[in-house]
Amino acid sequence: MFFWLTEFSDGGDFFNLFRYITFRAGGAFATALIFGFIFGQPLIDLLRRRQGKGQPIRDDGPQSHFSKAGTPTMGGLLILSALMVSTLLWARLDNPYVWIVVLVTLAFGLIGFADDYAKVTKQNTKGVSGKVRMGLGLLIAALAAYAAAQFHPDALTNKLAFPVFKDALFDIGIFFVPFGMIVIVGAANAVNLTDGLDGLAIMPVLIAGGTLGIISYFVGNANFAEYLDVHFVPGTGELLIFCSALFGAGLGFLWYNAPPAAVFMGDTGSLALGGALGAIAVCTKHEIVLAIVGGLFVVEALSVIIQVLYYKRTKKRIFLMAPIHHHFEKKGWAEPQIVIRFWIISLILAMIGLATLKVR
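Heads up: these notes are all about the structure in this document. (Residues numbered from 1 in each chain as written. Predicted model: local features only at pLDDT ≥ 70, side-chain atom pairs only at ≥ 80, totals over all residues. Heavy atoms only, no water.)

Further remarks concern the overall build of the chain. Within the chain, the secondary structure is distributed over 13 helices and two strands. Over its C-alpha trace the chain gives a radius of gyration of 20 Å, about what one expects of a compact globule, namely 21 Å for 360 residues. Within the span of the chain, comprising 360 residues, buried residues form 52% of the whole. Residue pairs at least 24 apart in sequence account for 74% of intrachain contacts in the chain once pairs closer than 6 positions are excluded. Total accessible area on the chain stands at roughly 16200 Å², and carbon and sulfur atoms take up 68% of it. Positive and negative charge centroids in the chain, built from 27 and 22 side chains respectively, lie 12 Å apart. (Helix = DSSP H or I, 4+ residues; strand = E, 2+ residues; numbered from the N terminus. Rg over C-alpha atoms; globule rule 2.2 N^0.38 Å. Buried < 20%, exposed > 50% of the residue type's maximum accessible area, 1.4 Å probe, protein only. Contact = heavy atoms within 4.5 Å. Areas by Shrake-Rupley, 256 points an atom, 1.4 Å probe, with all protein chains shown as cover. Lys, Arg positive; Asp, Glu negative; His and termini not counted. Charge placed at Lys NZ, Arg CZ, Asp CG, Glu CD.)

Here we take up the state of the cysteines. What the rule picks out here adds up to zero disulfides. Free of any disulfide, Cys243 has its nearest cysteine sulfur in Cys283, 10 Å distant. A relative accessible area of 3% places Cys243 in the buried class. We classify Cys283 as buried; its relative accessible area is 0%. (Disulfide = S-S within 2.5 Å.)

Residues Val298, Leu302, Ile305, Ile306, Leu309, Tyr310 and Ile318 make up a contiguous nonpolar surface patch of roughly 590 Å² in combined accessible area. In this structure Tyr310 comes out as partly exposed when scored by relative accessible area, which is 35%. (Patch = residues over 30% accessible without salt bridge, like charges linked within 9 Å, V, L, I, M, F, W, Y side chains within 5 Å. Salt bridge = Lys/Arg side-chain N within 4 Å of Asp/Glu carboxyl O.)

In this fold, Glu287 is placed in helix 10 (residues 287-293). Although buried, Glu287 forms no salt bridge, and the nearest oppositely charged side chain, Lys285, lies 4.5 Å from it. With residues near it in sequence (within four places) discarded, Glu287 still touches Leu160, Phe176, Phe179, Val183, Ala281 and Val282.

With an omega of -10 degrees, the peptide bond between Pro259 and Pro260 qualifies as cis. For Pro260, the location among the structural elements is in the loop between helix 8 (239-257) and helix 9 (266-284). With an omega dihedral of 0 degrees, the bond running from Ala322 to Pro323 counts as a cis peptide bond. Following the sequence through the fold, Pro323 ends up in the loop between helix 11 (295-314) and helix 12 (324-330). Within the chain, Met74 stands out as a residue other than glycine whose phi angle is a positive 70 degrees. Here Met74 is to be found in the loop between helix 1 (21-51) and helix 2 (76-90). Judged by relative accessible area, Met74 falls into the buried class, the value being 6%. Backbone geometry places Lys315, a non-glycine residue, at a positive phi of 65 degrees.

Inspection of the entire model under this criterion finds 14 aromatic pairs. A centroid spacing of 5.3 Å and a plane angle of 90 degrees characterise the contact between Phe18 and Phe23, whose relative ring orientation is edge-to-face. Note on Phe18: relative accessible area 5%, which makes it buried. On the accessibility criterion, Phe23 (30% relative accessible area) is partly exposed. Centre to centre, the rings of Phe328 and Phe342 are 6.2 Å apart; their planes meet at 85 degrees, and the pair counts as edge-to-face. Residue Phe328 is located in helix 12, and its partner Phe342 is located in helix 13 (residues 335-355); the two are separated by 14 residues in the primary sequence. Following the ring pairs from residue to residue traces out a cluster consisting of Phe18, Phe23 and Trp90. When the ring centre of Trp333 is taken as origin, the NZ or CZ atom of Arg341, which lies over that ring, is 4.7 Å away. (Phe/Tyr/Trp six-rings, centres within 6.5 Å; stacked < 30°, edge-to-face > 60°. Lys NZ or Arg CZ within 6 Å of the ring centre and 35° of its normal.)

Counting 86 residues, the largest nonpolar core has Phe108, Ile202, Phe242, Leu277 and Leu290 as its most contacted members. The element contributing the most residues to this core is helix 8, with 11 residues. Setting aside anything within four residues of it in sequence, one finds Leu277 in contact with Val191, Val205, Ala208, Gly209, Leu212, Leu290 and Phe297. Counting residues in hydrophobic clusters, the runner-up holds nine residues, among them Leu197, Ile338, Val339 and Phe342. (Core = buried A, V, L, I, M, F, W, Y, C linked by side-chain atoms within 4.5 Å.)

Let us now look at the pattern of salt bridges. Inspection of the entire model under this criterion finds seven salt bridges. Arg24 is the salt-bridge partner of Glu238, the closest N and O atoms lying 2.4 Å from each other. Of the two residues, Glu238 is situated in the loop between helix 7 (222-227) and helix 8 and Arg24 in helix 1; the sequence distance between them amounts to 214 residues. In this pair, the class of Glu238 matches that of Arg24, namely buried. For Arg133, the salt bridge goes to Asp267, with nearest N and O atoms at 3.4 Å.

Below, the structure written as structure tokens:
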């Protein structure tokens, strides 16, 4: 919205600053962060009053989690509110990629909100049916992948790009939409599975989101794209605004989610943020890089899949408990120890992801 202030610029005054993505990215970050600090505690107080017993705790979970009973959930509302307000204020609203990512984020957030609401009102950990959640998620992802494909340059439309090897483009045709669906829904559910300890999911999301924001800026700039030997996708640079807002909103939430958490993000936040990461990756043609920078989420999801499949075949478990962060809890690792070590792993993976931007 603030970009429209450039209409009052003569090219050398204050209003001209709003032409620059980097300036607006800084503004988006600051706006979202301040929003989180201002409205965080009032929202937590409201959620605590409305939810009563808070998020129900799994009976089969680690014993240490029972001390968290009564902690309110749906903290993702704080993230989404700060993220949306900041993005709509600072991003160019005539950019299709911004709207694709924003709408995917909101849609997955609504699915998560419905799930959280069902859990809180029924005081049951089951929430909305998994089939319903998956079906809605796939529909949203299909629409997003199709829309992204319509705005990609002709040379990249329906093609799968590989990191480092710029010339390795595979035309997957009509399978691009199903592929995009897997990326977006997979990312949403992987982040959702990771959100099991105080502060565990939010920082890796911010690290992955920040990395994708940098990539978006480079991919959307013809000069940087050529210099770094990556595919140029016009318009995606504007996604840096969204990613900067995400970083600010996430830090504002982490202030209250740091151990011991005053609020959980719930499915409202985890599904929305995961869906956002997937949508950004599809828009920027960096789906495979997302699997690298979001490798922690991949491992968390794989641990659940492996556990379920192995148990069905053998009636035995590979991990003491899945997702894998619970396995380490069962082994006696302290919660902050798991969280910080997983943050470190996420940061390492982000550096590897950025290393795929090959300088000539």
